[in-house]
Structures are given as structure tokens and as C-alpha cells.
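Descriptive analysis of the structure
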Number of protein chains: 2
Amino acid sequence: MRLSRFHLHTTKETPADAEIASHRLMLRAGMLRKHAAGLYTWSPLGLRVLRKVERVVREEMDRAGAIEVSMPTIQPRELWEETGRWEKFGGQLLKIKDRKDAEYCYAPTAEEVITDFARGELSSYKQLPVNFYQVQTKFRDEIRPRFGVMRAREFLMKDAYSFHLTDEDLAREYQNMHAAYSRIFARLGLKFRAVQADSGAIGGDASQEFHVLADSGEDSIAFSTGSDYAANIEAAQAAAPGARPAAGEAMRKVDTPTQKTCEDVAALLGIALARTVKSVAVMTDDGFVLALVRGDHAVNEIKLRKAPGLGDYRLATEAEILEYLGSEPGFLGPIGAKQAIRVIADREVAAMADFVVGANEAGYHLAGVNWGRDLPEPEIVADIRNVVEGDRAIDGGELRLARGIEVGHVFQLGRKYAEAMNATVLDENGKAATMSMGCYGIGVSRIVAAAIEQNHDEAGILWPEPMAPWRVAVCVINPKNDANVSAAAEALYDELNAAGIETALDDRGLRPGAMFADIELIGIPHRVVVSERGLAAGTFEYRARSAGESENLDRTALFAKLTR
Amino acid sequence: MRLSRFHLHTTKETPADAEIASHRLMLRAGMLRKHAAGLYTWSPLGLRVLRKVERVVREEMDRAGAIEVSMPTIQPRELWEETGRWEKFGGQLLKIKDRKDAEYCYAPTAEEVITDFARGELSSYKQLPVNFYQVQTKFRDEIRPRFGVMRAREFLMKDAYSFHLTDEDLAREYQNMHAAYSRIFARLGLKFRAVQADSGAIGGDASQEFHVLADSGEDSIAFSTGSDYAANIEAAQAAAPGARPAAGEAMRKVDTPTQKTCEDVAALLGIALARTVKSVAVMTDDGFVLALVRGDHAVNEIKLRKAPGLGDYRLATEAEILEYLGSEPGFLGPIGAKQAIRVIADREVAAMADFVVGANEAGYHLAGVNWGRDLPEPEIVADIRNVVEGDRAIDGGELRLARGIEVGHVFQLGRKYAEAMNATVLDENGKAATMSMGCYGIGVSRIVAAAIEQNHDEAGILWPEPMAPWRVAVCVINPKNDANVSAAAEALYDELNAAGIETALDDRGLRPGAMFADIELIGIPHRVVVSERGLAAGTFEYRARSAGESENLDRTALFAKLTR
């Protein structure tokens, strides 16, 4: 591509509402233009990158045996009613009335429509397994669209849905998709991790998320040094604690006049934070519950909700805390409540001896507390905390934390949707069998932003080569002043493209400084400068985007560098 | 592709609501599945064809120098208000409110958004000309969606928009796009015509439509034997008539007691239909007008509306006709009106002598009527009729009529949108200049249906080779019974694909009859049968989809046939 015939529109201004690097750089590089909140046009430059991602996704889905279809973006309410999601999906579902007042939504995902398709198309187990996918525009009516295409309302998604006679076959395809996803992100040149996830509102039996690692990521993920175990912080587990030590101290009341946090109490007493216990008061359908985690830990809300005998809950109000514990927050504990309360202890807390809790009296804590002696053994013991850096992993390794951006998700849905929509096939015995389903999503447009979050510097984007708009930029110094330079650059440009090295020719005639700044900003991995001086010396000036220094190479050395 | 790993789902049933061949055959071949009125999923088979069309369109747009972008499907009301189309576009515009009650539409076309993009991106004449295109899902809320994807509500469209400093440059790009469109339809293997069109509601200075010729087409188009002149019947012109002959008869009142149509009057009087004149009464803003066309011609509403001094009109009511002419319909004419009326005569009528008109009296006509003698020369003379087969063309040839399906449209929009939205660039003198625009659309999904309308028979679809899901189907007889036959078929399948001949292997194990019926129905151009008997004889049974007979060919002859 000759850039003089392309449409490149970079800018030095940083839009005020761009909060993260990828949003800033996509706007500065002219990859996007905003028309309304969360609604963008992808410019020619942006689309080149998006299409590269799309192509890799499609190739690997095809290779994995999935078959492409194309579903409508506008979907009838009736289908969404069948699964109850017309109401349950919430405010992100953009609802629409047509001229006849019939109701539709703009698809945020397509389980209903693909199941409608499948129940029409599939009638025999002989047609299974099958995995249908599409690369399609989706819409989610985000309350607060932001971060550019990272959280746009209209976005490009690859969604796939597989249909199976048995759950075993679903599990096999789930692994197949897991492998395909790993190939996709590896081929795109991204640092990523597949992590265990909570399956959340979409439901289902098993799920994993794929995260692009980036310090700015919204998600916290944990991974082990001992194996490929990795999980979203929502779901990550540490190894169970060892046995509880014997009690060594007597329980005593200590003065903590202004010490309302575990940190302050530990500092005052001169003990490790891990010797203190934090009490979190919640109300459940069955009444007041005190959840205990170590002072250096945090309650994991998803785990707490899933703990045996708990269910849905909310934080207790100050009035409720006063009513049940007789104390103001900051001095709460499981001993000396005014009314009978239930106690749920994190596994780590259940394994502690000689610990510190609030005394349910303003200004006081209890130290040297021991289970069974000073208070009853906890009613419920469960893993209800977030893992922390350095935790022992279940595989014996150590847990590390990182930030990630979710770009893919694989689910074993099981029969949830097929049952609701009566999607059956005849099995080997001629009996109707509800199909088991998997679903597999990739945020195609989000990958572009995530790649930038992972790969950028002060000067701009550093594309992984497979995502770069072009691998090489040939820059011409003063193309109009010197026909020889122009001709040499054109020849090099043609030769590189003929050798299968995707190359752009910057023949726009900009000053070298402005031209180089553009090429750096838009993140072309390799830059080659053709100048009068270089031609005289028989060399080209080569610089990798990721390197600080340029070098002068002759034609042979240059091709060797670029075809490595 | 091995069909055993593909998803093929043909059916013998013809859905009751499928009125035209392409809709019936797309459903029977399993290319589409309907979810709601005008909303379809494209199955793997359907999508293969759609993608082939898409690829050719994209390649030719790229080759013509257009640059691909991707605009949002959901577009803010504010932009559509700037051009007034939020109200003017009418009921086809699907309007949407988001969770914050902000208003949007699902784009039926994208002049507003591309102009918003352009006014942000383009600031200097040096960036012009530029032509942005996209291949995108569009939505038009048709009152009566029907004919499958021929008139779906959600459909795939290629839309392009070019920006220019001068109208001359717009005209150049318009020709460039015209040539690109011609290449696209030629490459797809379709019989088509580019025809002059009325530019209609989108407005603008010049436009042409591209029609796929098919007897079932909704549009009537005229083309000349004398040149490549072709036009939609809405806009087609014949050569002007010769000079008016001298009057030869005296005017006389003739009894036509029950003869209310020109046909009946001509039969009664024993004269040619072309000697009679039809009077059409309309009401305009300026009052009652009688439009006259020859008895064998029909009024062209679009031409009439554009006739000098006329403007918008509606048909007159019977009461109005009685008030102005004093007669009931069937006997109307320009002579003897009760009140002063205006008369507009088609050019052909103005050139007639000794003609027959209604007498404005029930049961009577006037014959031997002549302009200037029996009534004043007509106030307005204009071309207000549809051309008919056999008309003399403006190039001296003869006009022929054909039916067509509109699949493309090129417009010179001029400055209409750029002016409304203040899209300017600085010209050579540093002055702000409103850009001139062209727009160029192709109905990508509609092409698939149009190709079937043009190419089908009793057994199914006959794809033009460039659109076929596969060029060749290798059919295996009893694959499970005979390992040799299977192996030979596999080998042939691999060899053909390796030779660049896109081939499907029908290894589904169907009975030959059912297998052949499927392959015919889905329209694969070339069928090769591998059987035990053939292998013994060293031959394959070859049949072209368009031929009645099959022939036995050895490997060399088969490859020669398929690589021709």
C-alpha cells in the first residue's frame, strides 16, 4: 500500500475523555472516530488491524472443525422469552420496536437464535456433534461506555455454539475449542493466560476465560508457579491450610481506643497482620451472619455467595450490626453477640490459634482467642477469601497475581438453553434427547485494544507482527526532490511485497520527523529509510520499532533481517 | 470440504410463503432459516455463496482504489437530524431508544455517518479524492418483507461514499465506480445491464442502476439495439416523434355507448389503438390537469411529476372530474370541459392528427380531432409516457424491454449532504470548500437471490461458477461398502483441490438418487461420480449441471474438462 493513496490521519492531540493508553493511541493513530457514546467508525488503518485478528480467528475456528454461519443482529422477543432472558438479561439488552410494534432486541449474544436454528436443522444424533460460529456485530447497552473499543456498545465478536448428544462429547469439544483459542492468541503474538472463571449469569457447568496480560487490565488473575493452573481472582483457590496449632495464650481484652482496622490493631499490638481476624457482617435470607477472614485477606463475594448454607446476601446495616452484636463497626467479633448469630469462617481462620478479634465493644479487641475454648467451632468453614500473591497453590507451587483483559470465554452450557427451547434430536434408539451445548466467545474488536494495552510505549503502539497493519514501512526522504531515491524506494517496496513481506511505502512527502513519528505512533514493526546518502553508500537505514537504535544495512542484510 | 463434516440440510418441502423461485430454492437447499419476518440465519451453505460475492465485491473495490472502513450499524438521531432524514426517510427507518432514552436508528444507508467521519478526517483538498466503502449489515423496516433475502429487513450491503473538491472529479470517480461495478457483475458470471435511473428520494445529479436480468424481476428496463443505452422504465426515453401530419378528417361525434377504454373504442371504430388518445385527470397544486397519452401508451408517473409546470399531483376524484369536465370517467377528453383546464400532452400525442378522444359526455367520443383547429395547441408538451417494446431509441436503434432485479446503484450526490452537514476542506487558495460526494451501493445478499432467479431449473439452482459453493462435487457410491471406491474418491478429491479446483466430497453415504438430487438442488456446476464399475473401467462419470447427459471420462479427460 502506498500511503499517499491510503487514508492516514494521525493527530498529536490527546482527547480528554480517553482514560487508557489503548483508547488514547487508537484515537491519536486515527484508527477510530466516535459518533456517539460507545459507537465508532473504524478507519482504514483501524480496520486493517481488526481484519487481521478476524482472519486468524476464522482460520483457527475452521481448522478446529467449526462451521461458519451468519445470524441476524435483530432478534425477535419471542425467542428470548423462551429462555426467560428477555427480562433477565437486564439493561444491556437493547430492546427495539418495529413499525408494527413487534418487539426485538439487538443481539448481545446469540444462544436463543442458534438454538432456534439448531432445533430446525438438527433432528438426528447422526448430525452431531456440530459447532456453528459467526463473526458478527453485537450490541450491549453499557451504562457507561468507555475506554474506546474496550467497552464499546457496538462491537465485533466471534461467537460459537456447539451441539452434542452427550456431556462427554461436549467436554471433548470444549477442550478442542480451548486448544483453538490458545492457538489464536499465540498466533496473534499476545501474552495471555487461560484462567478458570466463575460462569456467572450465563450459567453452565464449566468455563474458562482467556486474558491478555496487561498492567491496566480490569481483571485480577492468579496463576501458579507449579503448573499451568490459572484462575480469575473470582474463582482462584489456594491450597488448604495446615492443621490448627494448639492454643498457646489465654484470651484477654485489649485496649484499642481508636484502632478500627486490623492493620491498626496489629501495629498497636506489635503482631503480624495475619494473626488478626476481620469480621464482615452480612444479612442473608436466614438472618444475620458474621463472615471471618484473616486480617490480611479480603472476602471474595462470589465464593461467599456460593458457600454452603449461605446463598444471596447483602452487607448488614449499622442498625442491624448494633442490634445483633451490640457494637459499632470497627470492633466486631464472633464473641459476646447480643443475639444468636451464625458464623462462617474462612478455611484459614478456622486453622488459626491465639488470634485477635473485635470485642463487640467500642475501643476493645480480644487477643489470644482460640476456637472451641473461647467460642464454639465455626458453624460453616469454607474458602471465602481472595487469594493473595505468595499463597501456596493447590499444585504445590506458589500463586502469583497479574492483571488481565478478558478477550475470550469458553463455556460448557449443558442443557440449559436446549431444554428451555426444546431442542432435541433422536438418539440411537429413536428417542428424543435434549442436546447438550457449549458456547465460545472472542471479543474480536476488544483484542485490538488489549494488544495495545500490552504493547505500547511513549511514542505509540508496538504491534505484535501478526496484528500490525503492515510489517514494514519503507520511508522515502524527499521523494519529490530526488527521482533516484523515489525509484529506489519503489523498487524496494515492490520487492518486499513480492517476497511476501507486507510493506507500506510512505510516499506522502512529509518531513522526516513527522513521517517517523507517524510510523512509530501507528506501530509498524520495521522501518526502512531510503535516502540519498544511504543510496550513495549502498545501504538502507533499518530500525525495529522495539529497538532504540537504527543500523545501516545493505540489501542482503536487510532482507535477511526481515525474512528471519 | 467433506460433506460428512459440513452441515447440509436440504428438504423436499416447499414452504407455503415462498412466492418466487430463489426464495423456494434457498429454503429447499437449506441456505437460509427464518426467525421472524425478514430476518434470517445464513446456513453454512448459504454463507459460502454470500462470502464469494462479498470477496469479489471487496477485491474490485480495492482494485478501484476505494478504501475499506467499518461504520456502526446503530447511528445517533442527531446526525440524521442534520440532513432532515430522521423524519423524511419514512417508515423503513428503524428507530431505537437506548436505556437513557437517547434516540438512534439502525442504518439503512450511511450518508450521514460517513459525512460525519469525513468532516472530522478531511481538512485539506490534498486528502481528496477519497472513496470510503464498507460491507455491512443494514436494516430497512419493510412494510411487507418477502421473497426471502430479495426483500429482507436485515441484509448485507456494500456501500461506498466518495469525496471530491470538484464536480468534474466526482464525475470521473462515478465512471470509475461504474467500471468497477461492471467488472464485479461480469466476474460473478451474471447477465446484467447498467441502466439510467431516476435518482428518486436519495436525490443527486446523476445515477445508474445495475440490474441482474431475470424474467421474475420487479423492474422493467429498456435497452437499445443501437448502442449500450439502457434505462429503467422509470427513466427510459424513446426518440422524439416526427412532425405532425396535416389534418385529413373533419371532427365528428361518434356513438360509443359502452366503450370506455381506448381498446374498445378502437375496436368499435376499426382503427389502430395508436390513433386514440387516453385522458388521465389529475389534481395539482395549481388545479385540474388533463394528461394525454396515446391509447397504446401508459403514463409514466415519475416523468409526469417532473414535467415542466406540474410538480406533485394525485389522481382526480370522480367528483372533481364531473365538476371540471362534466362527464363520468371513460369518456373524458380535452374538448368541451365545463371549466377552464390545463392540458399536458405527451410528445407523441402532440404530433398526432385525426385522433380520437372522449367527448366529455357519457356514450360519446370525438373522432378526426386535430390540434389548433378543434382545440388549442396543448399548453405543455413533454415526454410523460413509458416506452414500449419496438419504440425507436434516441440512438436510432430499437428499444427492447426486459425484466431486471436491481442489485447496484451509483449516484452523483453532489453537495446535498456535505452542505447540510457542513463538510468542507480548504482548497488550493486556503478557502473552505464544500465537498462534492458520490455514493455507490451493492446489495450483496440480494445478488445471491438474483443469481438464482436468473439461473435455475426444475431440479434446483444452476450457480454461475464464480458463485457456486464448490465448483465440483465428487460423489461416492456406497463409500462404506467398498474401501477402494472410497480411497479413489478421496484421492480424486485431494488432487482436484490441490489443482486449485474447489471440490466437495460427498461422503455422507446417501443413496445415489438422494445424493444426486442434493447436488443438483444446491447447484454444483460439475458432478463426478466414483463407483466400483467406473473404477473397473478406469473412468469417472462426469456431468455438467447445465447438461442433460453424463459421460464417462478417464482421469486425463476429466481434468482437461475441469481445468478448461
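Residues numbered from 1 in each chain as written. Chains lettered and ligands numbered in written order. Predicted model: local features only at pLDDT ≥ 70, side-chain atom pairs only at ≥ 80, totals over all residues. Heavy atoms only, no water.

Note the threshold: UniProt positions are given in the numbering used here, feature names are shortened, and annotations may be inferred rather than shown by experiment.
In the nomenclature of an unreviewed UniProt entry, chain A corresponds to Proline--tRNA ligase from the organism Luteimonas galliterrae. As recorded by UniProt, the Sequence similarities (unreviewed entry) comment attached to chain A reads in full: "Belongs to the class-II aminoacyl-tRNA synthetase family. ProS type 1 subfamily." Taken from UniProt, the Catalytic activity (unreviewed entry) comment for chain A reads in full: "tRNA(Pro) + L-proline + ATP = L-prolyl-tRNA(Pro) + AMP + diphosphate".

**Topic: the interface of chain A and chain B**
Rule in force here: What makes two residues a contact is simply this: any of their non-hydrogen atoms within 4.5 Å. In short, buried area is how much 1.4 Å probe accessible area vanishes from two parts on joining, totalled over both. Throughout this description, the term salt bridge denotes a Lys or Arg side-chain nitrogen within 4 Å of a carboxyl oxygen of Asp or Glu. N or O atoms within 3.5 Å of each other form a polar contact, as long as, within protein, one can give a hydrogen and the other can take it, and as long as residues adjacent in sequence are counted only when both atoms are side-chain atoms.
Contacts between the two partners involve 54 residues from chain A and, on the opposite side, 54 residues from chain B. Note on chain A versus chain B: buried area summed over both sides is about 4,500 Å², and carbon and sulfur give 57% of it. Where chain A packs against chain B, one counts six salt bridges. For B:Glu121, the salt bridge identified is with A:Arg33, shortest N-O distance 3.0 Å. Across the chain A-chain B interface, the total number found is 30 residue pairs in polar contact (both at pLDDT 80 or more).

**A short note on the relation of the copies chain A and chain B**
Filter applied, for reference: Copies are brought into register by a least-squares superposition over C-alpha atoms of residues with pLDDT of at least 70 in both.
Rotating chain A by 180° and translating it 0.1 Å along the rotation axis places it on chain B, where the RMSD comes to 0.1 Å. Between the two chains, the operation in question is that of a two-fold axis. No C-alpha of chain A lies nearer the rotation axis than that of A:Ile96, which sits 2.8 Å from it. In this assembly the copies share their binding face: 100% of the residues contributing to the interface of chain A also contribute to that of chain B.

**Looking at the side chain of A:Asn232**
Note the threshold: To qualify as a helix, a DSSP run of H or I must reach at least 4 residues; to qualify as a strand, a run of E must reach at least 2; elements of each kind are numbered from the N terminus. When accessible area is computed with a 1.4 Å probe and restricted to protein chains, residues below 20% of their type maximum are described as buried, those above 50% as exposed, and intermediate ones as partly exposed.
Within the secondary structure, A:Asn232 is located in strand E12 (residues 230-232). We classify A:Asn232 as buried; its relative accessible area is 1%.

**Quick notes on the domain arrangement of chain A**
All names here are of chain A. Here is the rule: Domain boundaries shown here were taken from an automatic or database domain assignment.
Taken domain by domain, chain A holds domain 1 (15-71 + 107-237 + 401-452), domain 2 (252-382) and domain 3 (470-563). Relative to domain 2, the C-alpha centre of domain 1 lies at a distance of 40 Å. Of the roughly 370 Å² buried where domain 1 meets domain 2, counting both sides, 40% is carbon and sulfur surface. Between the two partners, domain 1 and domain 2, sit zero salt bridges.

**Topic: helix H9 (residues 318-325) of chain A**
All names here are of chain A. Spelled out, the test is: Throughout, the arc means that of the directions going from the helix axis to the C-beta atoms.
Among all positions in H9, only Glu 320, Ile 321, Tyr 324 and Leu 325 are buried. Along H9, the residues classed as buried sweep out an arc of 100° about the axis, all on the same side. For H9, exposure combined with an orientation more than 90 degrees from the buried face picks out Glu 318 and Ala 319. In the segment just after H9, Gly 326 is the residue with positive phi, at about 75°.

**What about the packing of aromatic side chains?**
Each aromatic ring pair is described using two quantities: the centre-to-centre distance and the angle formed by the ring planes. What counts here: Note on aromatic pairs: the rings of Phe, Tyr and Trp (six-membered ring only in Trp) are paired at centre separations within 6.5 Å, and the planes decide the class, stacked below 30 degrees, edge-to-face beyond 60, tilted for the rest. In this scheme, the term charge over a ring applies when either NZ of a lysine or CZ of an arginine sits within 6 Å of the ring centre and within 35 degrees of the ring normal.
In this structure the tally under the stated criterion is 25 aromatic pairs over all chains. Members of the aromatic cluster, each reached through a chain of ring pairs, are A:Tyr106, A:Phe139, B:Tyr106 and B:Phe139. A:Arg305 extends its terminal NZ or CZ atom over the ring of A:Tyr313, reaching a point 4.6 Å from the ring centre. A cation over an aromatic ring shows up here: B:Arg527 above the ring of B:Phe516, its NZ or CZ 4.0 Å from the ring centre.

**Notes on the side chain of A:Glu173**
Assignment of secondary structure puts A:Glu173 in helix H6 (residues 167-187). What A:Glu173 contacts, discounting residues up to four positions off in sequence, is A:Asn131, A:Ser162, A:His164 and A:Tyr440.

**A few points about unusual backbone geometry**
Residue A:Leu128 is joined to A:Pro129 through a cis peptide bond whose omega torsion reads -10°. Tracing the chain through its elements places A:Pro129 in the loop between helix H5 (111-121) and strand E7 (130-139). Backbone geometry at A:Asp101 places phi at a positive 65°, although glycine is not the residue there. The residue A:Asp101 is located in the loop between strand E5 (94-97) and strand E6 (103-106) in this model. Not every positive phi belongs to a glycine, and B:Asn360 is a case in point at roughly 60°.

**Observations regarding the sheet that holds strand E5 (residues 94-97) of chain B**
Residues and elements named next belong to chain B. For the record, the criterion: Strands qualify as paired when DSSP identifies two bridges or more between them. Axis definition: a line fitted to C-alpha atoms, over the contacting stretch in the case of helices. Angles run 0 to 180 degrees between N-to-C directions.
Overall, antiparallel pairing links the three strands, which are arranged E4-E6-E5 in an open sheet. Of all strands in the sheet, those bounded by a partner on one side alone are strand E4 (74-76) and E5. Strand-to-strand twist in this sheet, taken as the mean axis angle between neighbours without regard to direction, amounts to 40°. Of the strand pairs in this sheet, E5 and strand E6 (residues 103-106) are connected by four bridges, and their pairing is antiparallel. Bridging across to E6, Leu 94 finds its partner in Tyr 106.

**A short note on the environment of A:Gln134**
Residues and elements named next belong to chain A. On the secondary structure map, Gln 134 appears in strand E7. For the pair formed by Gln 134 and Gly 441, sequence separation is 307 residues and the distance between their alpha carbons is 9.8 Å. Setting aside residues no more than four positions away along its own chain, Gln 134 makes contact with Glu 68, Val 69, Ser 70, Met 71, Ala 110, Met 157, Lys 158 and Asp 159. Among the polar contacts made by the side chain of Gln 134, one reaches the side chain of Gln 136 at a distance of 3.2 Å.

**Remarks on the confidence of the model for chain A**
Heads up, the rule is: Here pLDDT means the predictor's own confidence in every residue, given as a number from 0 to 100.
Confidence in the prediction of chain A, expressed as mean pLDDT, is 94, and 99% of residues score 70 or more. With pTM at 0.90, the complex prediction returns an ipTM value of 0.90.

**What to know about the pattern of salt bridges**
Scanning the model with the defined rule gives 106 salt bridges over all chains in all. With a shortest N-O distance of 2.8 Å, B:Asp98 and A:Arg153 are connected by a salt bridge. Highlighted residues: B:Asp98 in the loop between E5 and E6 and A:Arg153 in the loop between E7 and strand E8 (154-164), drawn from two different chains. The exposure class assigned to B:Asp98 is buried, which follows from its relative accessible area of 8%. Taken together, the shared-partner salt bridges connect A:Arg51, A:Glu54, A:Arg58, A:Glu68, B:Arg51, B:Glu54, B:Arg58 and B:Glu68 into one network.

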